[in-house]
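Structural characterization, general
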Amino acid sequence: MLSFIARRLAIAIPTIFLVSVFVFFLQKLLPGDPALVLAGEERDPETLAFIREKYHLNEPILTQYFYWVSGMLQGDFGISLRTNQPVLELIGEKLPVTIQLAVMAMIIAMIIGIPAGILSAVRKGTAVDYTANIIALSGLSIPNFWLGIMLIMLVSVHLGWLPASGYESPFVDPVRSLETMIMPAFVLGTALAATLMRHTRSAMLGVLKTDYVRTARAKGLQEKVVVLKHAFRNALLPIVTLSALLFGELLAGAVLTEQIFTIPGFGKLIVDAVFTRDYAVVQGVVMCTAVGFILMNLVADVLYFLLNPRMRTAL
Amino acid sequence: MGERPENQANHPDDPPLLTVENLSIRFRNAAANTVDGISFNVDRGETLCIVGESGCGKSISALALMGLLPMPPAEIASGRMVFDRRDLLTLSPKARADLRGDRMAMIFQEPMTSLNPAFRIGDQIAEGVLRHRSISQADARRRAVEMLDRVKIPAAAERLDDYPHQLSGGMRQRVMIAMALANDPDLLIADEPTTALDVTIQAQILELMRTLQEETGTALIMITHDLGVVAEIADQVAVMYAGKIVEQGPVDAIFDDPQHPYTIGLMSSLPSLGERQSRLTTISGMVPTIETMPSGCRFAPRCPFVHETCIARAPELTSLSRNHLAACHFAPLEAHVVEAV
Ligand SMILES: Nc1ncnc2c1ncn2[C@@H]1O[C@H](COP(=O)(O)OP(=O)(O)O)[C@@H](O)[C@H]1O
Ligand SMILES: [Mg+2]
């Protein structure tokens, strides 16, 4: 087990390195002089020279990269020029918000997607199956922003049931936190539910045809046990892997939804940073997203490993 | 081992354990019945071998008996199946499932894929026991060890926690047998249980099944395309061709005095030297598909003795001697040999 994780980590490290190269040099290619941005209104040559010196902007680009990476390794992601806060602190503030949103969205996606997928596989070719597929397809084709806006109009503006925007930490006021997050989580979750439903359905269809499911029936087991234990346990492998990957995508993909519901999360942080050319924040956020994504890949691998007796017993 | 009725012998007026009457199975949109009007009986403790080439409908007949036929696309077009005085087709799904894995059990042709890869073999055996008996988890587990022991898996108690992929094909088939016999069924259906295995393993599994059947007194329907297997274990034989039973009777009658031209062809393709071979080398032509099924005798296109009557009309199974039946217009053949040549 540990050697398995070690092997995966050995792959993750060069990946993170590549991402860092990409993030750094791509940003260097962007037009605009960072020194000018940093200097703000004061454009006198002395200030500019001082800034260039302080941020190593005169050094060769490789040296600059080295400074950046070694800073990050020591937990120094730089300072936001907009708020003057350390980038790491900003991330520490916003990331939990997005994680809460992603977790809630994932729970909603699983509660809807997995049972719907199982049901439509078991009832393949019936009205139940077609209905589930049509709903899933509409779920996939309706853009998140539209669904979000419609929900705000209906539930918040028209019915006045839930707040249209804002955020509250679950540690301060759990009910209020749930109220503010449920709609955006629903918007994100339904889109994922559709993907999850279709993958669950096809995994279950494959598994329900197997000889061991026939064996389970030959034992006289109830159909419920055959489907939910013998079949689903084997379909779980691809479903869990997919869920972990989807969760990784959620962290990065919540940008638009956070904008619509004005949730002060990761998405909003990066959008604001890009618009204000807050380089250090952009770089830090992108690095964090990438690491999070790679971590979720690792989680997917580990779950796959834990759920698969063939791999577990091979050790 | 549990409570076996001490005497498995049948009284002459006891009904058979299983009666199949005129069973027909049809697939959706098919031009003809894939299994067409088969009938047979199985007495308690008896072994019936169903022989026939691949595709003649042996497996789907067995699945129909177990209630495992996928319906749709298949449907039971006609017939009756009475098992231990119960009319299977009129039972509720629940009552049918209560029989399955308890009074009637089945093992399959594919040992490599028939066990669930996600669960330990001990749990898979115990699960079937727990489904049909009100006993504790621990007792079910003990029963699993006992069964693994009986199918001669070495160090049974240690193998209990193995996953299927840790076992060879032969071992997995032993586990399947253990699972099937765990509740002392009255009837075991074995669908080509050795076909997928190496020749040496085949002999071992067959020997094991014969021993276990003697010990437990369970009735056995052994499906095979291998006449060597038939010779070794059958009491009764039913020969199937293209969805019909063309000849049936006690094993001696079938081997010593085959009457249907198809059976005769099968016998003459059986090499006399120990090596088993099942190909039909002496019967020319191909098995008709469901689309090209002749309306007369289904064997007519390949029959060396074919006659106008055979093409016009399907022959009924008729009694030649006690319990020996053949579906041929010209049975008993001896009476017609001159005419046919
Ligand atoms: N799902 C299906 N749809 C249509 N035909 C089928 C299906 N399954 C089996 N059959 C037909 O049933 C016939 C008998 O199959 P089977 O019972 O498996 O033969 P075997 O005697 O080799 O066990 C085959 O010829 C096949 O064409
Ligand atoms: Mg078969």
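Computed from a prediction, not measured in an experiment: that's the story for all the values here.

Thoughts on the sheet that holds strand E8 (residues 219-224) of chain B
Residue and element names in this part refer to chain B. The sheet built from 8 strands is open, its strands ordered E6-E7-E8-E3-E9-E10-E12-E11 with mixed pairing. Of all strands in the sheet, those with a lone pairing partner are strand E6 (104-107) and strand E11 (318-321), marking the two edges. With direction set aside, neighbouring strand axes in the sheet form an average angle of 20°. As judged from the 4 bridges shared by E6 and strand E7 (residues 187-191), these two strands associate in the parallel manner. Note on E7: the bridge partner recorded for Ile107 is Ala190. Sheet strands touched by helix H1 (residues 58-66): strand E3 (47-51), E6, E7, E8 and strand E9 (236-241). Its angle to E6, the strand with the most contacts, is close to 150°. Of the strands in this sheet, E6 and E7 are in contact with helix H6 (residues 169-181), which crosses E6 at around 175°.

Brief notes about the site of ligand 1
Residue and element names in this part refer to chain B. Taken together, Phe27, Thr34, Glu53, Ser54, Gly55, Cys56, Gly57, Lys58, Ser59, Ile60 and Pro73 are the residues near ligand 1. Ser59 is positioned with one of its side-chain polar atoms (N or O) 2.6 Å from an oxygen atom of ligand 1. Ile60 is positioned with one of its backbone polar atoms (N or O) 2.8 Å from an oxygen atom of ligand 1. Relative to its free-state accessible area of 570 Å², ligand 1 is covered by the protein chains to the extent of 58%. A total of 3 residues in the shell around ligand 1 trace back to one element, the largest contributor, which is H1. Of the residues assigned to the shell around ligand 1, the class counts are 4 nonpolar, 5 polar and 2 charged.

How each quantity is defined
- Residues numbered from 1 in each chain as written.
- Chains lettered and ligands numbered in written order.
- Predicted model: local features only at pLDDT ≥ 70, side-chain atom pairs only at ≥ 80, totals over all residues.
- Heavy atoms only, no water.
- Pairing = 2+ DSSP bridges.
- Helix = DSSP H or I, 4+ residues; strand = E, 2+ residues; numbered from the N terminus.
- Axes fitted to C-alpha atoms, helices over the stretch in contact; angles between N-to-C directions.
- Contact = heavy atoms within 4.5 Å.
- Near = heavy atom within 4 Å.
- Polar contact = N/O pair within 3.5 Å; in protein donor to acceptor, adjacent residues only side chain to side chain.
- Areas by Shrake-Rupley, 256 points an atom, 1.4 Å probe, with all protein chains shown as cover.
- Nonpolar A, V, L, I, M, F, W, Y, C, P; charged D, E, K, R; others polar.

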